[in-house]
Amino acid sequence: MAIIKPNNNTISAITALPAAITTGKVLQVVQGSISAETDTSSSSYVATGLSVNITPSSTSNKIFVTVTGSIDNQASGRVPRVTIYRDSTAIDSNDGLSLSYSQTDRTICPCSFSKLDTPNTTSQITYKVYVKSSTSNNVRFGEGSSEQLITAFEIAG
């Protein structure tokens, strides 16, 4: 059997293994939940009470945030919009990450959305779910005592 010499070196001359791939790995996962409804007719975003805290271990890491819950337009023609804030800043456009609309019926539907954020900090961050009404009529996030969840994953950058 032939002896294989990596890069023409003897085994004793090798001092280190190749660097491991470290980007893209999940470093931590945290979750928050509520079992409450948030009703609003505000055309500005209002907090739902659904939030999660996470402290990134490096400024180069990213945070992947997922939300599951339900939205209710309360009546035909109304448009609830839901989004995620990092502390006091929305991490998407003003249109939100999820919405529901029916021209003819009340619609209660599950919603699930996610966002990859680059916070560039090692300080604690609070991700919060906010809801607003595009039509200034009453809309709802959450339904009855069903559980809404927010999950934050720290991803190595």
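Draft legend 1. Geometry of the side chain of Arg81. Mapped onto the elements, Arg81 comes out in strand E5 (residues 80-86). Within polar-contact distance, the side chain of Arg81 engages the side chain of Ser134 at 2.6 Å.

Draft legend 2. Local environment of the pattern of salt bridges. Scanning all chains against the criterion turns up six salt bridges. Residues Glu37 and Arg140 are paired through a salt bridge, measuring 3.4 Å at the closest nitrogen-oxygen approach. Pair noted here: Glu37 is in the loop between strand E1 (26-34) and strand E2 (38-40) and Arg140 is in strand E10 (residues 139-141), with a separation of 103 residues, a long-range link. For Glu37, a relative accessible area of 35% translates into the label partly exposed. Note that Arg106 and Asp72 form a salt bridge whose closest N and O atoms lie 2.5 Å from each other.

Draft legend 3. The side chain of Asp117, seen in detail. Following the sequence through the fold, Asp117 ends up in strand E8 (residues 108-117). Reaching out from Asp117, the side chain makes a polar contact with the side chain of Tyr127 at a distance of 2.6 Å. Those residues in contact with Asp117, other than ones at most four positions away along the chain, are Lys62, Ile63, Arg86, Ile91 and Tyr127.

Draft legend 4. Representation of the packing of aromatic side chains in the model. Applying the stated criterion across every chain, the model contains three aromatic pairs. Look at Phe64 and Phe153: their rings are 6.1 Å apart centre to centre, the planes differ by 50°, and that puts the pair in the tilted class. Here the residue Phe64 occupies a position in strand E4 (residues 62-72), and Phe153 occupies one in strand E11 (residues 148-155), the gap between them amounting to 89 residues. Here Phe153 falls in the partly exposed class, since its relative accessible area comes to 23%. Three or more aromatic residues joined by ring pairs make a cluster, and in this case those are Tyr45, Tyr85 and Tyr130.

Basis of the calculations
- Residues numbered from 1 in each chain as written.
- Predicted model: local features only at pLDDT ≥ 70, side-chain atom pairs only at ≥ 80, totals over all residues.
- Heavy atoms only, no water.
- Helix = DSSP H or I, 4+ residues; strand = E, 2+ residues; numbered from the N terminus.
- Polar contact = N/O pair within 3.5 Å; in protein donor to acceptor, adjacent residues only side chain to side chain.
- Salt bridge = Lys/Arg side-chain N within 4 Å of Asp/Glu carboxyl O.
- Buried < 20%, exposed > 50% of the residue type's maximum accessible area, 1.4 Å probe, protein only.
- Contact = heavy atoms within 4.5 Å.
- Phe/Tyr/Trp six-rings, centres within 6.5 Å; stacked < 30°, edge-to-face > 60°.

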